[in-house]
Amino acid sequence: MSGDPKSSPEAAELAAEAMRHLWWLRDAGVRELSPEGPRRPVPPAAPAAAAAAVPTSAYSLADKGCGSEPLLAIRTSLGECQRCKLHSGRTKLVFGVGDPSAQLLFVGEGPGADEDLQGEPFVGRAGQLLTKMIEAMGFARSEVHIANVVKCRPPGNRDPEPDEIEACEPFLKAQIAAIRPRVIVALGRFAVQTLLRDTTPISRQRGRWREYEGVKLMPTFHPAYLLRNPPEKKAAWEDLQLVMKEFGKLPPGRGA
Ligand code: SF4
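Reference entry: report on the structure contained in this document. (Residues numbered from 1 in each chain as written. Predicted model: local features only at pLDDT ≥ 70, side-chain atom pairs only at ≥ 80, totals over all residues. Heavy atoms only, no water.)

Going through the model one piece at a time under the given rule, you end up with one cavity of 30 Å³ or more. Volume-wise, the largest cavity comes out at about 90 Å³. As for the largest cavity, its lining consists of 14 residues, of which Cys-81, Cys-84, Leu-86, Cys-152 and Cys-168 are closest to the centre. Its residues assigned to classes, the lining of the largest cavity shows nine nonpolar, two polar and three charged. (1 Å grid on protein atoms, 1.4 Å probe; cavity = no way out; pocket = protein on both sides within 12 Å on 5 of 7 lines; lining within 4 Å. Points joined across faces, edges and corners; volume = space filled by probe spheres on them. Nonpolar A, V, L, I, M, F, W, Y, C, P; charged D, E, K, R; others polar.)

This is the structure:
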């Protein structure tokens with residue numbers, strides 16, 4: 001390494017990331033910081049040679065949400081899915097994104113307008129907030145995995161309907177079996193109530209450990225809801241701290 005590190009692109013990116021982290025913590029009500037809670041290094045991207053090893057599929061390990069042979073097999077089996085009526089309105093099927101063997105999986109309801117266009121979950125304003133939440137927890141977005149209950153955008157952002165969930169949820173279950181996360185964070189009323197088959201309001205389910213497909217699940221608020229209700233960020237941060245504790249990460253301000 002040579003040159004002034006303060007002026008390098010890496011330093012600028014680190015500074016920007018630190019600011020995003022601090023903004024989220026401020027909004028979540030954190031008033032004191034400690035040097036605890038080190039970030040894990042970002043793992044290297046999947047080698048190009050590995051991506052080239054599956055020449056027979058229309059999809060590859062380099063596609064969003066793939067990255068491992070089991071996930072690629074699930075994506076291949078989905079194909080240009082028409083198993084439910086949501087296929088007719090989609091621009092792009094949103095399979096997932098992130099580390100194919102992530103220990104932490106976030107599950108939302110379904111793609112919105114930005115996600116439908118880009119083919120990646122949580123990329124709009126709510127997605128930016130989710131990224132801040134992930135970084136505040138001491139993870140990089142690339143270290144976790146993000147998926148949805150349904151993979152095609154419901155028209156007008158309505159809730160997915162029972163037949164659509166029935167058609168699509170098996171693929172989420174397959175993704176969970178392939179990723180084998182240690183913890184799932186379910187984001188928002190719809191994802192929580194659907195995954196847990198429990199119509200109790202999210203306000204009473206959040207912050208309590210549950211289980212889905214044999215994996216510990218933490219219900220919390222959806223980032224879009226937090227954008228509309230900023231005071232609730234404090235409660236969401238409490239939920240995320242429980243998840244951090246599961247990973248042995250000290251929340252900021254709780255240093256020894
Ligand atoms: S929502 Fe799921 S089941 Fe329905 S068309 Fe899209 S990928 Fe297929």
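What follows continues from the structure just given.
Moving on to the sheet that holds strand β6 (residues 215-220). One open sheet accounts for six strands, arranged β1-β3-β2-β4-β6-β5; its pairing is mixed. At either end of the open sheet lies a strand with only one pairing partner, and these are β1 (97-98) and β5 (210-212). Where strand β2 (residues 104-108) lies against strand β4 (residues 183-187), four bridges are found, and the strand directions are parallel. When the bridges of β4 are listed, Leu-105 appears paired with Ile-184. (Pairing = 2+ DSSP bridges. Helix = DSSP H or I, 4+ residues; strand = E, 2+ residues; numbered from the N terminus.)

What follows is about the site of the ligand. Around the ligand, the neighbouring residues are Leu-78, Cys-81, Arg-83, Cys-84, Leu-86, His-87, Arg-90, Leu-93, Lys-151, Cys-152, Ala-167 and Cys-168. Judged by the fraction of its atoms near the pocket grid, the ligand is located in the largest cavity. In terms of residue class, the shell around the ligand is made up of eight nonpolar, one polar and three charged. (Near = heavy atom within 4 Å. Sits in = over half its atoms within 2 Å of the grid points.)

Looking at soluble globular proteins, one finds that nonpolar side chains tend to be buried together. The biggest cluster of nonpolar side chains holds 64 residues, and the ones touching the most others in it are Leu-104, Phe-106 and Met-137. The biggest single contributor to this core is helix α6 (residues 162-179), with eight residues. With near-sequence residues (within four places) excluded, Leu-104 lies in contact with Met-137, Phe-139, Val-144, His-145, Pro-181, Val-183, Val-185, Val-243 and Phe-247. (Core = buried A, V, L, I, M, F, W, Y, C linked by side-chain atoms within 4.5 Å. Buried < 20%, exposed > 50% of the residue type's maximum accessible area, 1.4 Å probe, protein only. Contact = heavy atoms within 4.5 Å.)

Its volume calculated, the largest pocket comes out at about 640 Å³. Around the largest pocket, the lining is made up of 29 residues, and of these Glu-109, Ala-126, His-222, Ala-224 and Arg-228 lie nearest the centre. Of all the secondary structure elements, the ones that give two or more residues to the lining of the largest pocket are α4 (113-118), α5 (125-136), α7 (188-196) and α9 (223-228).

This part is about α6. Here α6 spans 25 Å end to end across 18 residues, near enough to the 26 Å set by a 1.5 Å rise per residue. Taken as a whole, α6 carries its principal kink of about 35° at Cys-168; the proline Pro-170 stands between one and four residues after it. Within α6 the residues assigned to the buried category are Glu-164, Ile-165, Ala-167, Cys-168, Glu-169, Phe-171, Leu-172, Gln-175, Ile-176, Ala-178 and Ile-179. Backbone geometry just after α6 places Arg-180 at a positive phi near 55°. (Expected span 1.5 Å × (residues − 1). Bend = angle between axes of the 7 residues up to and from the residue.)

What the rule picks out here adds up to 16 salt bridges. Residue Lys-85 is joined to Glu-161 by a salt bridge in which the shortest nitrogen-to-oxygen separation is 3.0 Å. Of the two residues, Lys-85 sits in the loop between α3 (69-78) and β1 while Glu-161 sits in the loop between β3 (145-148) and α6, which places them 76 residues apart along the sequence. The class of Lys-85 is partly exposed, set by a relative accessible area of 39%. Here Glu-161 falls in the partly exposed class, since its relative accessible area comes to 31%. With a closest N to O distance of 3.7 Å, Glu-238 and Lys-234 form a salt bridge. Of this pair, Glu-238 and Lys-234 both sit in helix α10 (residues 233-246), four residues apart, which is roughly one turn of that helix. (Salt bridge = Lys/Arg side-chain N within 4 Å of Asp/Glu carboxyl O.)

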